[in-house]
Every structure is written in C-alpha cells, then in structure tokens.
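# Survey of secondary and tertiary structure
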Amino acid sequence: GRVLDPDGKPLAHAGVLAGPDGGWTSGATVGVTPEASFAETDAQGVFELPNDLPPGTHPIHASAHGHPVWRGEVEVVAGRTSELEIHLEHGARIEGRLLGFDGAPAAGVKVLASEEDRGGWYHDRFAPAECESDEQGFFALDWVAPGLRELNASDYERPELGRARASVACVAGETATCELRLERGNAISGTVVDELGVPLDGWSVGAQTSGIEQWYRRRARTDAAGRFELLNLGEGNHDLVVRAP
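Quick caveat, the model's predicted, so the values are computed rather than measured.

## So, the overall build of the protein
Scanning the protein for helices and strands turns up 0 helices and 18 strands. Looking at the protein as a whole, 37% of its 245 residues are labelled buried. A separation threshold of at least 6 residues defines the contact pool for the protein, and within that pool the share at least 24 residues apart is 60%. When the accessible area of the protein is evaluated, it comes to approximately 14,200 Å², of which 48% is carbon and sulfur surface.

Laid out in structure tokens, this is it:
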C-alpha cells in the first residue's frame, strides 16, 4: 500500500504496523500467536508487509513525524495481496494549564493524550502526544488526533500531587484549550509505627489489588510522624504492603 499526507502527497519514512497483537493485553499465547508485521515507507510512500498474516481482519496503524497516528483495519485473504491507501490527518493542538489541589500552578508534571486503563495502564501501540507542564503550569500537546481525546496528568516520582483527567474535543488544524486540576480521588491514610508505637519515617506503603482486573498500584512514603496517604485508588479492596527504606 501507500501512505499519503493530508494533501495527498506520498510520505517517506512513515511506519506501518499490521497484524495481531501478540502482547499480553490481547490474551495471546506467547510463541503461538503470529506477531504483528512492521514496515517503513520508501520515497514514494510505498510499503510492503511481507509477513504471512493469518486470514481475517487485523488492526493496522500508520505513524509519521508531524501527524497523529492513523488507525484502521485491513482484511487479509488467503492467497491474495491486500492493498491499502492510507491518508494521514492534520493534527490538532491542545493548550492548557495544570493546577494543584490549592489552585496553584503544578510544574514538571507529565500530561499525555491517551486513554487510561484501571488507574494508570496505557496500551498505545505508538507513543502518544505528551509533555511536561512548565513553571506556570502551562502545557501544549501537538499532533493530537481529531475527535474526543482523553488527557491524563500525573507524576510517578511525586504521587502525592494527585492525578488529573479531562476529555477534550479536538478539530484538525485547530487549537483546543483545557484546564486540568489535580485531585486526590479515593484515598487511604494512616500511620506506620514500630512495636513500641514509635512513628517510622521514610517507610514505603503500597496499595495493590489482585486478579486479572488489577488496579494500577499506588505508593507513598511516611513522614516524620509516620503518616502516609495513598491517592486516586480504585473502588474495592486493596492490600497494603509496608516496607523499610
């Protein structure tokens, strides 16, 4: 097939990925399920996926610098070569500001345009648009696909800042604005002490769930008074795991 830009011109060095997802998210058996096939377009935007993909309908993705990821499907028929012409879209831009619990700007926090699963899992086949908020909390995301997009903000190294989420309507070639506010969500707070009741400072406290629908783990560290707070927990039962520094 071929990959073209929004004006119908061939795109060189675009990546094309098609076929079944062999990762754990598909429930596939490692070493048994055929792997997806990848190719890069030439100067004329032409690509060829030489792998023998099993018959059926498969997801296909295309990605190129300066354009949002294109997603579609391709029908594979035994004994035939399937052909496809892919037209990438003009991207949208999202600008906004990230605020903390107190309404003050939140700096150095990652903001990304991706759907969050169970509190922190992301399953993007290609890297989503992302950035970090500046000293005034401002952020900007480019190459966002048109449509209703989910934004998520968090800092893995500073879980005490909380998390933010919003849905933004994006239009190709236009800039959308959004204000994000970090929140605590469902929380567990408490104190860690030794056998004499003395508070333990700097200890790690983690919350985790079990089973196939596992919620993304949350973590915190105790302060000088042994206090901790775990934020943005999913509903249900959580096991707490306490470890020494």
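## Remarks on the environment of Glu213
Relative to the assigned elements, Glu213 resides in the loop between strand E15 (204-208) and strand E16 (218-221). Judged by relative accessible area, Glu213 falls into the exposed class, the value being 59%. Residues Glu213 and Pro50 lie 163 residues apart in sequence; the distance between their C-alpha atoms is 36 Å.

## Comments concerning the layout of surface pockets
As a volume, the largest pocket reaches approximately 770 Å³. Taken together, 33 residues make up the lining of the largest pocket; nearest its centre are Arg71, Ala113, Asp124, Phe126 and Pro128. When residues of the lining of the largest pocket are traced back to their parent elements, those giving at least two are strand E4 (56-63), strand E10 (138-144) and strand E11 (147-154). For the second largest pocket, the calculated volume is near 640 Å³.

Definitions and cut-offs
Residues numbered from 1 in each chain as written. Predicted model: local features only at pLDDT ≥ 70, side-chain atom pairs only at ≥ 80, totals over all residues. Heavy atoms only, no water. Helix = DSSP H or I, 4+ residues; strand = E, 2+ residues; numbered from the N terminus. Buried < 20%, exposed > 50% of the residue type's maximum accessible area, 1.4 Å probe, protein only. Contact = heavy atoms within 4.5 Å. Areas by Shrake-Rupley, 256 points an atom, 1.4 Å probe, with all protein chains shown as cover. 1 Å grid on protein atoms, 1.4 Å probe; cavity = no way out; pocket = protein on both sides within 12 Å on 5 of 7 lines; lining within 4 Å. Points joined across faces, edges and corners; volume = space filled by probe spheres on them.

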